[in-house]
Amino acid sequence: MHKHHSALGLVASRPVQPVTLIRPHAAARAARYFVEKFPGRSLYAVKANPSPALIRTLWESGITHYDVASIAEVRLVRRTLPQATLCFMHPVKAEEAIAEAYFKHGVKTFSLDSIEELDKIVRATRSASDLTLCVRLRVSSEHSKLSLASKFGVAPGESKELLFRARQVADALGICFHVGSQAMTPEAYGNAMERVRQAIVEAAVTVDVVDVGGGFPSTYPGMEPPPLEAYFETIHRAFESLPISYSAELWAEPGRALCAEYSSIIVRVERRRGDELYINDGAYGALFDAAHIGWRFPVTLLREPESNAREMAFSFYGPTCDDLDHMTGPFLLPADVQVGDYLEIGMLGAYGSAMRTAFNGFGSDETVTVDDEPMASLYTHVEREVASNVVKL
């Protein structure tokens with residue numbers, strides 16, 4: 001893997017294929033922030049970006065627990081980090097996957113949202129007595145950009161029996177939920193914790209773990225969330241007021257918030273048609289979210305000297321033959337962008353690499369490490385504050 005100081009320096013070599021830029025220092029900074037600031041334990045949600053290099057970076061920065069959602073992710077993290085603690089947090093699992101995770105890979109924590117899944121876990125682990133079982137509640141995704149409220153979770157009024165029965169077979173009983181991806185207000189977690197309170201009171205069980213799941217945001221054009229400190233404060237207040245065990249643990253499953261700033265991509269403009277740019281990556285590459293859910297990512301023109309042209313709104317077409325390979329944006333770039341120019345598209349560390357395919361024969365595995373700052377960040381202000389305090393001392 002090559003290393004450059006910046007994206008601009010790399011394009012001097014005129015790459016023909018897209019190039020992924022990774023910034024390990026950005027992921028390490030995000031991990032340290034969660035380790036130091038979140039008032040509980042942080043589990044990295046591997047599905048957001050399963051790169052072994054990233055997983056190792058997070059481990060080195062203090063993330064010791066990993067939210068895995070498939071047996072393939074269990075194997076990947078166990079192979080990459082033999083000492084890591086793995087939590088199988090998909091509520092619907094194959095019985096064979098549960099057995100392999102427990103007996104071969106030492107997984108003791110499982111999520112569930114039905115009596116059928118509970119019975120499956122008990123059978124697959126041969127009635128193991130050392131399980132942490134987390135019952136997933138269905139909560140609202142109204143404050144999030146991507147809903148996760150329909151597929152999983154016990155509906156209000158239906159959790160009592162499941163919590164009671166899970167308590168009978170679990171060494172530790174947990175309650176978990178997911179407010180949806182890219183939660184734009186701490187209120188999402190405050191509301192969900194009230195649902196946790198109701199479930200505990202109805203079931204009258206002792207709860208040992210409260211897992212607030214993922215949904216912690218990153219910053220994108222048109223989606224600038226409040227500081228993460230506000231989310232942590234809301235969660236901490238709600239957790240402290242719950243009727244739970246005095247020794248209960250608070251967990252979270254950040255994915256996007258830990259890895260969005262980790263990588264970006266350099267693409268080349270192959271054609272311009274008015275306000276439409278044809279680029280060499282797209283919906284079947286790192287830009288799945290930009291195409292299929294209209295996600296806007298930060299973009300910049302990599303040209304020296306810099307363009308002085310006014311900004312205008314562009315849409316992108318990817319390289320495949322498919323009309324669906326279209327990213328509407330709008331992506332703001334200098335009006336004089338032209339064929340042969342290079343663009344950097346940022347904040348693709350979350351889900352960008354995870355969603356890639358080689359459809360139509362397009363795609364590139366070329367990856368370069370850079371040590372400049374990501375195009376947007378929720379964490380650089382923290383380093384500035386630390387530096388300022390050091391100077392004052």
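Note that this is a predicted model, so its numbers are computed, not measured.

### What to know about the overall build of the protein chain
- For the protein chain, the helix and strand inventory stands at 12 helices and 19 strands.
- Taking 21 Å as the expected radius of gyration for a compact globule of 393 residues, we find that the protein chain reaches 22 Å, a close match to that expectation.
- Dimensions along the principal axes, computed over C-alpha positions, put the protein chain at roughly 65 × 55 × 35 Å.
- Taken over 393 residues, the protein chain has a buried fraction of 56%.
- In the protein chain, of all internal contacts separated by at least 6 residues, the share reaching a separation of at least 24 is 74%.
- As displayed, the protein chain offers around 16,800 Å² of accessible surface, 51% of which is attributable to carbon and sulfur atoms.
- Where the 39 positive side-chain charges of the protein chain centre and where its 49 negative ones centre are 2 Å apart.

### A look at the environment of Phe110
- Along the chain, Phe110 turns up in strand β6 (residues 109–112).
- Apart from residues lying up to four places away in sequence, Phe110 is in contact with Phe88, Lys93, Ile98, Ala101, Tyr102, Ile121, Thr125, Leu131, Thr132, Leu133 and Cys134.

### Quick notes on the packing of helix α6 (residues 115–124) against helix α7 (residues 159–169)
- Their axes nearest at 10 Å, the elements α6 and α7 cross at an angle of 10°. Of the possible angle classes, the one that applies to α6 and α7 is roughly parallel. Counting all contacts with α6, which are made through Ile115, Leu118, Asp119 and Val122, the residues of α7 involved are Glu161, Leu162, Arg165, Ala166 and Val169.
- Here the contact of α6 with α7 is composed, by residue class, of six nonpolar, no polar and three charged.

### Thoughts on the packing of aromatic side chains
- Taken as a whole, this structure holds 18 aromatic pairs when the rule is applied.
- Summarising the aromatic geometry, the rings of Tyr189 and Phe216 are spaced 5.0 Å apart at their centres and angled 15° between planes, so their arrangement reads as stacked. Taken as a pair, Tyr189 in helix α8 (residues 187–203) and Phe216 in the loop between β11 (209–211) and α9 (228–240) lie far apart in primary sequence, 27 residues in all.
- Ring geometry for Tyr284 versus Phe359: centroids 4.5 Å apart, planes at 45°, classification tilted. Here Tyr284, found in the loop between β14 (276–279) and α11 (288–292), pairs with Phe359, found in the loop between β18 (342–345) and β19 (367–370); they are 75 residues apart in sequence, far enough to count as distant.
- In this structure, Lys93 is placed above the aromatic ring of Phe88, and the distance from its NZ or CZ to the ring centre is 5.8 Å.
- Above the face of the Phe103 ring, Arg126 is positioned so that its terminal group lies 4.3 Å from the ring centre.

### A closer look at the pattern of salt bridges
- With the rule as written, the count across this model stands at 17 salt bridges.
- Ionic pairing is found between Glu373 and Arg29, a salt bridge with its closest N-O pair at 2.7 Å. Linking Glu373 in the loop between β19 and α12 (380–392) with Arg29 in helix α2 (residues 24–37), this pair joins segments that are 344 residues apart in sequence.
- Since its relative accessible area comes to 5%, Arg29 is described here as buried.
- One network of salt bridges, in which partners are shared, links Arg23, Glu344 and Asp372.

### Quick look at helix α4 (residues 71–80)
- In terms of residue burial, α4 counts as a mostly covered element, since seven of its 10 residues are buried.
- Looking only at α4, the buried set comprises Ile71, Glu73, Val74, Leu76, Val77, Arg78 and Thr80.
- Of the surrounding elements, those touching the buried residues of α4 are α3 (52–60), β4 (65–68), β5 (85–88) and α5 (95–103).

### Things to note about the environment of Ile115
- When you line up the elements, Ile115 lands in helix α6.
- Separated by 51 residues in the primary sequence, Ile115 and Ala166 place their C-alpha atoms 8.6 Å from one another.
- Beyond its immediate chain neighbours, meaning those up to four positions away, Ile115 contacts Glu161, Leu162 and Arg165.

### Quick notes on the sheet that holds β11
- Read around the barrel, eight strands follow the order β3-β4-β5-β6-β7-β9-β11-β12 and close on themselves; strand pairing throughout is parallel. With strand direction ignored, the average angle separating the axes of adjacent strands in the sheet is 25°.
- Relative to strand β12 (residues 249–252), strand β3 (residues 41–45) runs parallel, the two being bridged by two bridges. Note that in β12 the partner of Ser42 across the bridge is Ala252.

### Some details on the pairing of β18
- Neither face of β18 is open: one carries Tyr342 and Glu344, the other Leu343 and Ile345, and all of them are buried.
- Note: strand β13 (residues 263–273) against β18, four bridges, orientation antiparallel. Looking at the pairing, Val267 lines up with Leu343 of β18.
- Strand direction decides the pairing type here: strand β15 (residues 299–302) and β18, joined by four bridges, are antiparallel. Across the sheet, Leu302 pairs through a bridge with Tyr342, a residue of β18.

### A look at the pairing of β5
- Examined bridge by bridge, β4 and β5 share four bridges and lie parallel to one another. Its bridge partner lying in β5, Tyr66 is registered against Leu86.
- Read from β4 through α4 to β5, the crossover connection turns out right-handed.
- Note on the crossover from β5 through α5 to β6: the handedness is right-handed.

Rules and cut-offs
Residues numbered from 1 in each chain as written. Predicted model: local features only at pLDDT ≥ 70, side-chain atom pairs only at ≥ 80, totals over all residues. Heavy atoms only, no water. Helix = DSSP H or I, 4+ residues; strand = E, 2+ residues; numbered from the N terminus. Rg over C-alpha atoms; globule rule 2.2 N^0.38 Å. Buried < 20%, exposed > 50% of the residue type's maximum accessible area, 1.4 Å probe, protein only. Contact = heavy atoms within 4.5 Å. Areas by Shrake-Rupley, 256 points an atom, 1.4 Å probe, with all protein chains shown as cover. Lys, Arg positive; Asp, Glu negative; His and termini not counted. Charge placed at Lys NZ, Arg CZ, Asp CG, Glu CD. Axes fitted to C-alpha atoms, helices over the stretch in contact; angles between N-to-C directions. Parallel < 35°, antiparallel > 145°, perpendicular 65-115°, else oblique. Nonpolar A, V, L, I, M, F, W, Y, C, P; charged D, E, K, R; others polar. Phe/Tyr/Trp six-rings, centres within 6.5 Å; stacked < 30°, edge-to-face > 60°. Lys NZ or Arg CZ within 6 Å of the ring centre and 35° of its normal. Salt bridge = Lys/Arg side-chain N within 4 Å of Asp/Glu carboxyl O. Pairing = 2+ DSSP bridges. Right-handed = clockwise from strand over helix to strand, strands pointing away.

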